[in-house]
Each structure stands twice: as C-alpha cells, then as structure tokens.
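Each chain, letter by letter, is given below.
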Amino acid sequence: MSDNKVFLGCIPNHVDEDTLKDECEKQGTVKEFFYMQDKVGTDRGWAFVTYEDETEAAVAVAMFNGQQIFLGSARPLHCKFANEKISKIEGTVFEAPTKAVTPWQEFTTPEGKPYYFNTVTKETRWEKPAELGGGAAAGTGAAGTAPGGAPLAIAAQAAGANAVGATGPMGANIFCFHVPITWTDEDFNAHFSPFGQIVSAKIHVDPVTKASKGFGFVSYATPSAATLAIKGMNGFDTKHGKFLKVTIKKGEEQYNPDAVTAQNIAVPTGTQSTSQVVGVQATVALGVSSEELAAAAKANKMVKAAPAKPPAPLSIAAGGHG
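Undergrad: Teacher, can you tell me more about the overall build of the chain here?
TA: Assigned secondary structure in the chain consists of 7 helices and 13 strands. Counting only residues that meet the buried cut, the chain has 36% of its 322 residues in that class. With an accessible surface of roughly 18300 Å², the chain has 56% of that area assigned to carbon and sulfur atoms.

Here it is, written out as structure tokens:
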C-alpha cells in the first residue's frame, strides 16, 4: 500500500481550507486534499492529504505530528500515515477535548517562575489568565521582563522555539529517508557528523512502539555543512539493502541552492536491485572466462556463477576487513 497519503487531526476550528492547504504544501506537492473543518469549537477538524511521494508524506508526518502549528491551538496536531492503524485515542482527533481553546501559553523563566504569553495578541504577563485556571481576567496587562532584564515576549518566543525542537538556520536542515531500522540516534549522528557541527540529529520513531519510522532530520549550524552532507550521503549504501535519500528540508530550497543542485545529481536511492546478470559482465565474482561471457552475450543467455574455489591456506596471520 502506498505511503504517500497522511491523516491530519486535531485541527483548530478557526483554520480554514486555504490556510491548512498552504501549510501542507510547505512539506511537498499536494496531489489530493480533503478537509472536514470543525464547526463546534472543539479543535477536532481533520483532513486527508495525498503527496506526490512517500518522502514528502514522511516529511509532513515529521513536521506536523505533536506540533502546535496554528496559533490558538488547544492541543498539538495529530498526523500519521493514512494506512497506519490507530492504537490509542489519546492525542488524536477522537479524544474528548480536555481543555478550553485559548491562545495563552505558560512558560517558565530559568529561575523557575511561570509567566504567560498570548500567541495571538503577543501580550506577556506574570498573572495566570482565567482561561488557564487563574483568578485574573485575560484583559490588558503590562508586558514585563524576565529576571536578568530580558523582555518576557522574547523569552516566550525562545521557549516556544525550543518546544518545537532544535533546528539550524534556514538552508541548514536536511531530511534523510531509507534509514535502516536498526540505526540508533547515535548511529545516525555518527554518519552525518563528519560534514559539520550538528545542532540536532534525530530518527523519527513510532510514539507507541518506539520503532524507527525509517527517516529522520539533521540540522547543521551552517548551510554549507548541509550541502556537504547531501553530497556525501545522498545515495549512500547502508549495507542493509537500501541507499539513503538525502535532501534539503522542504521550504528551505531558496536559502541553499547549492544543496538543491547536489540533491538533483543522479545517484542510487531506495531499495537495491537484485536482478541477475545477463550477457557480458566484467566481474571476477562470476568466476568464468571472458570467452564464456562473450559467447553468452552473443547467444543472449544467462551466465551463472562458477562454484567458488577454496582459498589457499594462509601462512601468516591476517586481520579481517569490513
């Protein structure tokens, strides 16, 4: 079954079709789009989005699932491949709403003191708003400063960025598909660290089973490092029957044209072929002579590998190789 279709749930009721489609198109080319908007104010809108290929769909799942993309969201979006069964209702569109829809978000200063930021009006306050269970009404309030003199609005924005996940500057973030399911985050990091300073390198896993989804994101400190990584790792033979597919993150192409050029160079990606040899193939592995290969090619016949001969006994110790 194709993996290029995703389900998107927990969409806020104030998000219209054009707004949602624009956000979905940031992750790839949308081929089909169906949106059922929530009309009762419970943030239970849902949509099916079909992308051009499985890579773009995987990017959408990675970028949307568990994130509060839209201002005023009561809870994070739920995004999964459409052919993936739901194993629990917590955090999905089918879960009963647990809190009122409010643009207020709670943050904490480095000293541990809570403060509150309105994502719509950009107001910042120390007092807990009534919508979050506080006694103060969510009216006007003077913007304060966090301990140390930093404006609270700036601190709130920084905290919001950290909540989404660490990323590099525009043009420095790459997507990697066909990651072996046996790789850990440490393996992933080790393969991409030679190309530059890594801000974050994470393989995406199923939230329930913790099994690898087979793709991940790497964020570098500079766009040049991302370009080098694409040049070095796109088409990389994982020795697990697949070649890596590495591209610049969708929406950042204009910030790193060198990376776009690098990712468009023809290299093997995806699953390796296991087709048989036909005709002339100059390979020692077959164990047949050039004359036999030429005769097979002329007759359009298959050539089978000759039985392997046992190696000569070693007279000195020899180390193995990988």
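Let's pick the thread back up.
Undergrad: Mind showing me how you'd approach the nonpolar core here?
TA: The nonpolar side chains of a soluble globular protein tend to be buried, and buried together. Ranked by internal contacts, the top residues of the largest apolar core, which has 27 residues, are Val6, Leu8, Ile11, Leu20, Cys24, Tyr51 and Phe64. Mapped by element, the contributors of at least two residues to this core are strand S1 (5-11), helix H1 (17-25), strand S2 (30-36), strand S3 (45-51), helix H2 (54-64), strand S4 (78-81), strand S8 (173-177) and strand S10 (212-220). Looking at this core element by element, the count peaks at 7 residues for H2. What Cys24 contacts, discounting residues up to four positions off in sequence, is Leu8, Val30, Phe33, Val49, Tyr51 and Phe64. Formed by 21 residues, the second largest nonpolar core is a distinct cluster that contains Trp183, Ala225, Ala229 and Leu244.

Undergrad: Looking at this model, I keep getting lost on the pairing of S1. Mind explaining?
TA: Two faces make up the sheet, and in a regular strand the side chains alternate between them. In terms of burial, S1 is largely enclosed, as 6 of its 7 residues are buried. With 4 bridges connecting them, S1 and S4 associate as antiparallel partners. Following the sheet pairing, Val6 is matched in S4 by Phe81.

Undergrad: Mind showing me how you'd approach the pattern of salt bridges here?
TA: Oppositely charged side chains are able to pair whenever their charged atoms sit close together. Evaluated as defined, the whole model comprises 4 salt bridges. For Glu23, the salt bridge goes to Lys26, with nearest N and O atoms at 3.3 Å. Here Lys26 falls in the partly exposed class, since its relative accessible area comes to 46%. Its salt-bridge partner being Glu252, residue Lys249 comes within 4.0 Å of it at the nearest N-O pair. Of the two residues, Lys249 and Glu252, both sit in the buried class.

Undergrad: I tried to follow the pairing of S3 on my own but got confused; where do I start?
TA: The buried count for S3 comes to 5 of 7 residues, which makes it a mostly enclosed element. Bridge analysis of S1 against S3 gives 5 bridges, and the strand direction is antiparallel. Bridging across to S3, Ile11 finds its partner in Gly45. Taken together, the 6 bridges between S2 and S3 define a ladder with antiparallel strand orientation. Residue Glu32 lies in a different strand from S3, and its bridge partner there is Thr50.

Undergrad: Where do I start with a negative patch on the surface in this structure?
TA: Judged by side-chain charge, Asp16, Glu17, Asp18, Asp22 and Glu25 come together as a negatively charged surface patch. With respect to the secondary-structure elements, Asp18 resides in helix H1.

Undergrad: Just checking my understanding: could you explain the sheet that holds strand S6 (residues 114-118) for this structure?
TA: Consider a sheet: its strands pair through backbone hydrogen bonds, and that pairing is either parallel or antiparallel. Spatially, S5-S6-S7 is the arrangement adopted by the 3 strands of the open sheet, whose pairing is antiparallel. Of all the strands in the sheet, just strand S5 (104-108) and strand S7 (124-125) have a single pairing partner and so form its edges. Pairing of S6 with S7 involves 2 bridges; the strand directions are antiparallel. Counterpart to Tyr116 in the pairing with S7 is Arg125.

Undergrad: So what exactly am I meant to see when it comes to H1 here?
TA: The α-helix winds at 3.6 residues per turn, so residues separated by three or four positions along the chain end up facing the same way. By the burial criterion, the buried members of H1 are Leu20, Glu23 and Cys24. Take H1 and look down its axis: the buried residues cluster within an arc of 100°, on one side only. Among the residues of H1, the N-terminal cap falls to Asp16, whose side-chain oxygen and the backbone nitrogen of Asp18 are separated by 3.4 Å.

Undergrad: What should I look at first to understand the sheet that holds S3 in this one?
TA: The antiparallel open sheet is built from 4 strands, whose spatial order is S2-S3-S1-S4. Two strands in the sheet have a free side with no partner beyond their single neighbour: S2 and S4. Adjacent strand axes in the sheet meet at a mean angle of 15° when their direction is disregarded. Along the sheet, H1 makes contact with S1, S2 and S3, crossing S2 at roughly 145°. Most of the contacts of H2 go to S4, to which it runs at about 155°, and overall it touches S1, S3 and S4.

Undergrad: Help me out: how do you make sense of the side chain of Glu23 in this one?
TA: Looking at the element boundaries, Glu23 is found in helix H1. Each residue touching Glu23, except ones within four places of it in the same chain, is listed here: Phe64, Ile69 and Phe70.

Undergrad: Teacher, can you tell me more about unusual backbone geometry here?
TA: Glycine aside, negative phi is the norm for most residues, and most peptide bonds take the trans geometry. At Lys210, a position not held by glycine, the phi torsion is positive, near 65°. On the secondary structure map, Lys210 appears in the loop between strand S9 (198-205) and S10. Among the residues examined, Lys210 registers a relative accessible area of 57% and is labelled exposed. Backbone geometry at Lys239 places phi at a positive 65°, although glycine is not the residue there. Position of Lys239 among the secondary structure elements: in the loop between helix H5 (223-233) and strand S11 (242-243). For Lys239, a relative accessible area of 69% puts it in the exposed group.

About the cut-offs
- Residues numbered from 1 in each chain as written.
- Predicted model: local features only at pLDDT ≥ 70, side-chain atom pairs only at ≥ 80, totals over all residues.
- Heavy atoms only, no water.
- Helix = DSSP H or I, 4+ residues; strand = E, 2+ residues; numbered from the N terminus.
- Buried < 20%, exposed > 50% of the residue type's maximum accessible area, 1.4 Å probe, protein only.
- Areas by Shrake-Rupley, 256 points an atom, 1.4 Å probe, with all protein chains shown as cover.
- Core = buried A, V, L, I, M, F, W, Y, C linked by side-chain atoms within 4.5 Å.
- Contact = heavy atoms within 4.5 Å.
- Pairing = 2+ DSSP bridges.
- Salt bridge = Lys/Arg side-chain N within 4 Å of Asp/Glu carboxyl O.
- Patch = residues over 30% accessible without salt bridge, like charges linked within 9 Å, V, L, I, M, F, W, Y side chains within 5 Å.
- Lys, Arg positive; Asp, Glu negative; His and termini not counted.
- Charge placed at Lys NZ, Arg CZ, Asp CG, Glu CD.
- Arc of directions from axis to C-beta.
- Polar contact = N/O pair within 3.5 Å; in protein donor to acceptor, adjacent residues only side chain to side chain.
- Axes fitted to C-alpha atoms, helices over the stretch in contact; angles between N-to-C directions.

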